[in-house]
Amino acid sequence: MLQALIVASTEETPNPLLPAPYDIVWSAVVFAIILIFFWKKVLPNVSAMLEARGAAIEGNIEKADAAQREAEEALAQYTAQLADARAEAGKIRDAARADGAKIVTEAKESASTEAARITATAKAQIEAERQSALVSLKSEVGSLAIDLASGVIGEALTDDKKSKALVDRFLADLEKSEKAAK
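Quick caveat: nothing in here was measured; it's all calculated off a predicted structure.

1. What about the overall build of the protein chain?
Secondary structure summary: the protein chain contains three helices and zero strands in total. Sequence-ordered secondary structure for the protein chain, helices as α and strands as β, is α-α-α. Per-residue burial over the protein chain gives 4% buried out of 182 residues. If you sum the accessible surface of the protein chain, you get close to 16,100 Å²; carbon and sulfur atoms cover 64% of it.

So, in structure tokens, the structure goes:
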């Protein structure tokens, strides 16, 4: 037994961490085959897929930037249109105020003209009625005065020229005394 121990000690004991040389060779061959397969088939497909994905992402970023620029341009146009609309509304408001003031002025002028015309018409009508009343009054006062004078004198005053002259003189005297009283 001792001899068996010595023989066993002279034989090398394999390292449990190191595989056998035939395992290393066959593992290297299988690894090389799998590496070549991945290098030739899988890696180009994965690379193409990643490039397509990167291009899609870049395209989406460019689209988003273009959309951002369009939105900013639309906002600028909207702001400009809003400013133009406000300016136009201000002009329309000012024009409406000016038109309103013009209409008010024209209405005042028209009312003043109409009032002056109505006043002139009323004065003319009053003067006509006054003259008519004066003539009517003269004839009535004259006939009453003649009748009264006829009754006082006791004689009939039928001469129209004399009676008219007498009435006119009487009314003239009456007007003089009326003016003097004022």
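2. Topic: the pattern of salt bridges
Tallied over the full model, the rule gives three salt bridges. Residue Arg97 is joined to Asp94 by a salt bridge in which the shortest nitrogen-to-oxygen separation is 3.7 Å. With Arg97 and Asp94 both in helix α2 (residues 21–153), this residue pair falls three residues apart, about one helical turn. For Arg97, a relative accessible area of 55% gives the class exposed.

3. Structural notes on a nonpolar patch on the surface
On the surface, a cluster of nonpolar side chains totalling about 560 Å² of accessible area is made up of Tyr22, Val25, Trp26, Val29 and Ile33. Among the secondary structure elements, Trp26 is positioned in helix α2.

4. Some remarks on the packing of aromatic side chains
According to the stated counting rule, one finds one aromatic pair in the structure shown. Aromatic pair Phe37 and Phe38: ring centres 6.0 Å apart, planes at 80 degrees, arrangement edge-to-face.

Basis of the calculations
Residues numbered from 1 in each chain as written. Predicted model: local features only at pLDDT ≥ 70, side-chain atom pairs only at ≥ 80, totals over all residues. Heavy atoms only, no water. Helix = DSSP H or I, 4+ residues; strand = E, 2+ residues; numbered from the N terminus. Buried < 20%, exposed > 50% of the residue type's maximum accessible area, 1.4 Å probe, protein only. Areas by Shrake-Rupley, 256 points an atom, 1.4 Å probe, with all protein chains shown as cover. Salt bridge = Lys/Arg side-chain N within 4 Å of Asp/Glu carboxyl O. Patch = residues over 30% accessible without salt bridge, like charges linked within 9 Å, V, L, I, M, F, W, Y side chains within 5 Å. Phe/Tyr/Trp six-rings, centres within 6.5 Å; stacked < 30°, edge-to-face > 60°.

Coordinates in, geometry out; function isn't part of it.
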